[in-house]
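# Results of the structural survey
Next come the chains, spelled out residue by residue.
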Protein chains: 2
Amino acid sequence: MTQAVRHDAMRAGNLAVVLGALDRRGPLTRAALAETTGLSKTTVSKLVADLIEAGMAVESGTVGDGERGRPGVAVSLSGHRVAALGLEINVDYLAGCVVDLSRTVRLLRTQAVDNRAATPEDVILRLRALATSMLADATGLGLSVAGGIVALPGPVERSTGTIHRAPNLGWRDVAVAGALRLPLPVLVDNEANLAALGELWFGSGAALGDFLHVSGEIGIGAGVVVDGALFRGAHGYAGELGHVVVSPDGPECRCGGAGCLERYAGQDALLPPGQDMTTLVARLRAGDPAASAACERAGSALGVALSSAVNLLDPDTIVLGGIFAPLFPWVSGPAEAALHRRLGQMRARVPAVVVSQVGADAAPLGAAGQVIQRIIADPGAYLLAPQR
Amino acid sequence: MTQAVRHDAMRAGNLAVVLGALDRRGPLTRAALAETTGLSKTTVSKLVADLIEAGMAVESGTVGDGERGRPGVAVSLSGHRVAALGLEINVDYLAGCVVDLSRTVRLLRTQAVDNRAATPEDVILRLRALATSMLADATGLGLSVAGGIVALPGPVERSTGTIHRAPNLGWRDVAVAGALRLPLPVLVDNEANLAALGELWFGSGAALGDFLHVSGEIGIGAGVVVDGALFRGAHGYAGELGHVVVSPDGPECRCGGAGCLERYAGQDALLPPGQDMTTLVARLRAGDPAASAACERAGSALGVALSSAVNLLDPDTIVLGGIFAPLFPWVSGPAEAALHRRLGQMRARVPAVVVSQVGADAAPLGAAGQVIQRIIADPGAYLLAPQR
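Residues numbered from 1 in each chain as written. Chains lettered and ligands numbered in written order. Predicted model: local features only at pLDDT ≥ 70, side-chain atom pairs only at ≥ 80, totals over all residues. Heavy atoms only, no water.

- As named in an unreviewed UniProt entry, chain A is ROK family protein, taken from Sphaerisporangium dianthi.
- As recorded by UniProt, the Sequence similarities (unreviewed entry) comment attached to chain A reads in full: "Belongs to the ROK (NagC/XylR) family." (UniProt positions renumbered as here; feature names shortened; annotations may be inferred.)

Spelled out as structure tokens, the structure:
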């Protein structure tokens, strides 16, 4: 390492330390930042100046200065300039959001569209149009979007930006990130993983301990959050709840197996052909017995699959998201009954089943939030990059 | 913190750094130890002298001295004095082992005994007798046993040394660690977790990447090893493979559920009443069709439950241990067939199913190995304790 490279690496590390402290504990005076981080006041002042110039931090009035009690100028994380793009391709919708560095949601859009009827190329073009218009609107808000992540409904290879297989879309090995051709770095991740992170950062996640977040869509995925981070497994495919066995001789599944949870509790199993979620909820509210029975069956199957998940993963809490959020009053009871029947004697405590506080937008929010986490963990990489 | 306490804490930390380096990379000269750890040669010499006096390290001939090429006196971890006790209570046997600091197995004993026929008090007395005789033999070998862990067949509370529930023994909230009244610190842990660690340290574990180790006994448990450490879940109950659903309307299980894997592939499901594993293996070798069919059914059910486990946990490899080790030639084929049927289309690679290299002794070996890990992580706690 040359002297110059070493200096840049040290500066990048210190920028991350200061921005991380502002994120977790700000607003803070420069003196308090120096005390918290162990850096000298001169170094802190220089780093804060760089962060302010980059629009990542801002002076925000005065606060008491810790032990000394003298008021000083407070510095906060700024949401005014740097932002992140979250996108989602799912079976019957596209979604996007722009979240700023302070994790405030600035733009949020959803398009209902049956992506099974289109080629991957067409779906990606449509998402590109959505993203491009959101980027233009973000610029109009004075935001500079530093990067994006696309949530995809199946196992992904993050290093190549590819979705390996999306049985409900009929996709195989589609290189989504590159094909989007957006003017910013774009990565991909599994939508169930990102939805769990969305719940963690934008919903009730922080209060839940270790949790399993269920994303009910046409497919069903889960994200497992342990100690505030995703449990991904050896290849990033952990949490495939939709293909956990409910009954091994049950109906055939698009995955090649049979009797998978998706066949009992996925959106296609719950909705009669041509009906949408709004109609189903209206029927449930009106006390329609066929609709209630469908939710009872789905909830019960969900509870059976979740009992296997609890036996294997042992979470504190189960969060129901996606379509299970609007259906929560009708599916959670049967699911909890199955959990208690199968786990009650073995465990001092059966995990609570709670409703997602984010719902349908969890995956794109988690995607944008993941980009924000990366920026805060390494602001130097964004600061030192050439301006667009 | 007083100056003296701070000094002791620093010394304890440095002892761990030096012993850890000897464990991972020894034999090493004092000069190489100083270079590796960043400690001064004087400090290293003093710490090595302490470790040698405590019998944790030993001078072991000469080796080349890294870059300088000058030969020096090599220091190694010593297995001659400090050792650990691993114990196991299972449904139809007791087991114990003594492992020395260099992870060499010095004593290993198993007693076949039906513990369902006895009270918890009697079982614990019998284990106490086994442990006491092993401790006497260890003393005869010049070993000083620093601590022990008991492997138990059910969810445990490690902080109180209690097994919460062992449905196959009929036990509830039994405080095993205290009741043993052994003259050394004793902890408890789940046998499936410890068996996975036994495979990691004494079997093929290090070469397996992230793996799921299945302990087939009368009950079936699993231990999940991720990045060389156990995945325990929020309350330490992760890996309860035996109660993962094979068929939700299947036969009732002692856990309160129905159709759990244990009812299809546990030892009681495989063995006709009165028959033991040796007889079953002999019948299988002789080509007995009823015995083959029983293994085929058990293996197939195991594959169904493992497909749910792979969907949720995504391990690299599945290791079959306990009774599934001697039965491996007859159960692994049907299990792999079910895994490929259910996972083959969704995943680029279905986890390999391999046989345990440790087998029946995995849990007590993992228990003793866990004590050795603790000693190497904090040798000061043992060094500074009063000698017995």
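Anyway, onward from the coordinates.
### So, the nonpolar core
- Among the nonpolar cores identified, the biggest contains 88 residues, and L241 of chain A together with L241 of chain B are the most heavily contacted of them.
- Not counting the four nearest positions on each side in its chain, L241 of chain A is found in contact with V214, I220, G221, A222, L261, L302, A305, L306 and A309 of chain A together with L312 of chain B. (Core = buried A, V, L, I, M, F, W, Y, C linked by side-chain atoms within 4.5 Å. Buried < 20%, exposed > 50% of the residue type's maximum accessible area, 1.4 Å probe, protein only. Contact = heavy atoms within 4.5 Å.)

### Examining the side chain of T29 of chain A
- Along the chain, T29 of chain A turns up in strand β1 (residues 28-29).
- A polar contact of 3.0 Å, which involves the side chain of T29 of chain A, links it to the backbone nitrogen of A32 of chain A. (Helix = DSSP H or I, 4+ residues; strand = E, 2+ residues; numbered from the N terminus. Polar contact = N/O pair within 3.5 Å; in protein donor to acceptor, adjacent residues only side chain to side chain.)

### Some details on the pairing of strand β12 (residues 211-216) of chain A
Residue and element names in this part refer to chain A.
- The element β12 is extensively covered by neighbouring structure, given that 6 of its 6 residues are classed as buried.
- Of the two faces of β12, the one holding F211, H213 and S215 and the one holding L212, V214 and G216 are both buried throughout.
- Two elements, β12 and strand β13 (residues 220-226), share 6 bridges in a ladder whose sense is antiparallel. What sits directly across from V214, in β13, is A222.
- Linkage of β12 to β13, two consecutive antiparallel strands, is achieved through a turn of 3 residues.
- Taken together, the 6 bridges between β12 and strand β15 (residues 317-322) define a ladder with parallel strand orientation. Note on β15: the bridge partner recorded for F211 is T317. (Pairing = 2+ DSSP bridges.)

### Quick word on the interface of chain A and chain B
- If you look at the interface, chain A gives 48 residues, while chain B gives 48 residues.
- Each partner contributes to the roughly 4,000 Å² buried at the junction of chain A and chain B, and carbon and sulfur atoms together form 56% of this total.
- The interface formed by chain A and chain B holds 0 salt bridges in total.
- Sorting the residues of the side of chain A that touches chain B by element identifies β9 (162-166), α10 (289-313) and α11 (328-343) of chain A as the ones contributing at least two each.
- The greatest single-element share of the side of chain A that touches chain B, amounting to 7 residues, is contributed by α10 of chain A.
- The class makeup of the residues in the side of chain A that touches chain B is 22 nonpolar, 14 polar and 12 charged. (Buried area = accessible area lost by both parts, 1.4 Å probe. Salt bridge = Lys/Arg side-chain N within 4 Å of Asp/Glu carboxyl O. Nonpolar A, V, L, I, M, F, W, Y, C, P; charged D, E, K, R; others polar.)

### Observations concerning the packing of α10 of chain A against α11 of chain A
Residue and element names in this part refer to chain A.
- Close contact between α10 and α11 brings their axes to 7 Å; oriented N to C, the two are set at 40°. By the angle class used here, α10 and α11 are oblique. Crossing angle aside, the handedness with which α10 passes α11 is right-handed. Between α10 and α11, the contacting residues are C295, E296, G299, S300, L302, G303, V304, L306, S307, V310 and N311 on the first element and W330, V331, P334, A335, A338, L339, R342 and L343 on the second.
- When its residues are assigned to classes, the contact of α10 with α11 shows 12 nonpolar, 5 polar and 2 charged. (Axes fitted to C-alpha atoms, helices over the stretch in contact; angles between N-to-C directions. Parallel < 35°, antiparallel > 145°, perpendicular 65-115°, else oblique. Left-handed = near helix turned anticlockwise from the far one by under 90°.)

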